[in-house]
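Below are the chains, spelled out letter by letter.
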Amino acid sequence: MNEKPALAVIEKYPDAVKSALMELRNLIFEAASEAEGVGNVVETVKWGQLSYLTERPKSGTTIRIDQDTSDQGDIALYVNCQSSLVSEWRGLFPEMTFGGDRSVHLSLAQPLPVPQLRQIILMALTYHSRKKSTRK
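Residues numbered from 1 in each chain as written. Predicted model: local features only at pLDDT ≥ 70, side-chain atom pairs only at ≥ 80, totals over all residues. Heavy atoms only, no water.

> So what's going on with the overall build of the chain? Residues and values would help.
Within the chain one finds five helices and six strands. The C-alpha radius of gyration computed for the chain amounts to 14 Å, which stays within 12% of the reference 14 Å derived for 136 residues, consistent with globular compactness. Oriented by its inertia axes, the alpha-carbon framework of the chain measures out at about 45 × 35 × 25 Å. The buried share of the chain, reckoned over its 136 residues, is 43%. Taking the contacts inside the chain whose residues are at least 6 apart along the sequence as the reference set, 51% of them involve residues at least 24 apart. Working note: accessible area of the chain is about 7,300 Å², and carbon and sulfur atoms make up 50% of it. (Helix = DSSP H or I, 4+ residues; strand = E, 2+ residues; numbered from the N terminus. Rg over C-alpha atoms; globule rule 2.2 N^0.38 Å. Buried < 20%, exposed > 50% of the residue type's maximum accessible area, 1.4 Å probe, protein only. Contact = heavy atoms within 4.5 Å. Areas by Shrake-Rupley, 256 points an atom, 1.4 Å probe, with all protein chains shown as cover.)

Rendered as C-alpha cells:
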C-alpha cells in the first residue's frame, strides 16, 4: 500500500478531524485483517476522499471516509448508494445518524462508537461475498 497520497489528503484537515479519520482508517485495516475472507484492502484516493476497497477477493464494496460537509456530523463514512448497507445499518444501529442510502455521520463531540463502526466496516468489506452466499 502506498500511504503517501492518503496521508497527504489527511494532512489538509484540522487536527481533530485528522485524528478521527486516522482512527477510522486504522479501524478499517484492523477489521479487514481480523475478518475471514476479506483479503487485501487497498487504500487509494477517490474524489478527494480516502477510499478502501477489497482487492483479492473482491469481497466488499468501497468505503470512503472524509470530513463531513453536511450539518449531520464532523466526519462521515460513505458506501455505494446502490447497496443495501445503510438500510441494514439503520436497522442495527438506530441511534446513529445516516445520510440517505450512502453514509453514516459521526460527531467529534462524542467518542467514536468503535463496536458499531467495526460491524459497519465488516459489513461493507464483505458486502459482495455476503450477497453471493444469500443467492445460493
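> Residue-level account of helix α4 (residues 114–125), with values.
Given 3.6 residues to a turn, an α-helix orients residues that are three or four positions apart in the same direction. Helix length check: α4, at twelve residues, gives a terminal C-alpha distance of 16 Å against a target of 16 Å (1.5 Å per residue), a fit within 8%. Residues of α4 that are buried include every one of L117, I120, I121, M123, A124 and L125, and no others. (Expected span 1.5 Å × (residues − 1).)

> Account for the pairing of strand β6 (residues 103–106), naming residues and giving values.
Judged by which residues are buried, β6 turns out to be covered on both faces: S103 and H105 on one side and V104 and L106 on the other are all buried. The sheet contact formed by strand β4 (residues 75–78) and β6 spans four bridges and is antiparallel. Within β6, the residue paired with I75 across the bridge is L106. Count of turn residues in the strand β5 (residues 97–99)/β6 antiparallel hairpin: three residues, of which G100 carries a positive phi of about 55°. (Pairing = 2+ DSSP bridges.)

> Now, about the layout of surface pockets: what can you tell me, with residues and values included?
Its volume calculated, the largest pocket comes out at about 170 Å³. Surrounding the largest pocket, Q72, E95, M96, T97, H105, L106, S107, Q110, P111, P113 and Q116 form its lining. In terms of residue class, the lining of the largest pocket is built from four nonpolar, six polar and one charged. (1 Å grid on protein atoms, 1.4 Å probe; cavity = no way out; pocket = protein on both sides within 12 Å on 5 of 7 lines; lining within 4 Å. Points joined across faces, edges and corners; volume = space filled by probe spheres on them. Nonpolar A, V, L, I, M, F, W, Y, C, P; charged D, E, K, R; others polar.)

> Outline the pairing of strand β3 (residues 63–67), listing residues and values.
Burial of β3 is extensive: four of the five residues sit out of reach of the surface. Where strand β2 (residues 49–54) lies against β3, three bridges are found, and the strand directions are antiparallel. Its bridge partner lying in β3, S51 is registered against R64. Here four bridges tie β3 to β4, and the two strands are oriented antiparallel to one another. Bridged to I65 within β4 is L77.

> Help me get a handle on the environment of K58, residues and values and all.
On the secondary structure map, K58 appears in the loop between β2 and β3. Judged by its relative accessible area of 59%, K58 falls in the exposed class. With 27 residues separating them in the primary sequence, K58 and L85 have C-alpha atoms 16 Å apart.

> Give me the side chain of T126: which residues, what numbers.
Its location among the elements puts T126 in the loop between α4 and α5 (127–135). Owing to a relative accessible area of 14%, T126 belongs among the buried residues under this scheme. One polar contact links the side chain of T126 to the main-chain carbonyl oxygen of L122, over a distance of 2.7 Å. Not counting residues within four places of it along the chain, the set of residues in contact with T126 comprises V38, S59 and G60. (Polar contact = N/O pair within 3.5 Å; in protein donor to acceptor, adjacent residues only side chain to side chain.)

In short, the description is geometric, and any link to function would need to be established separately.
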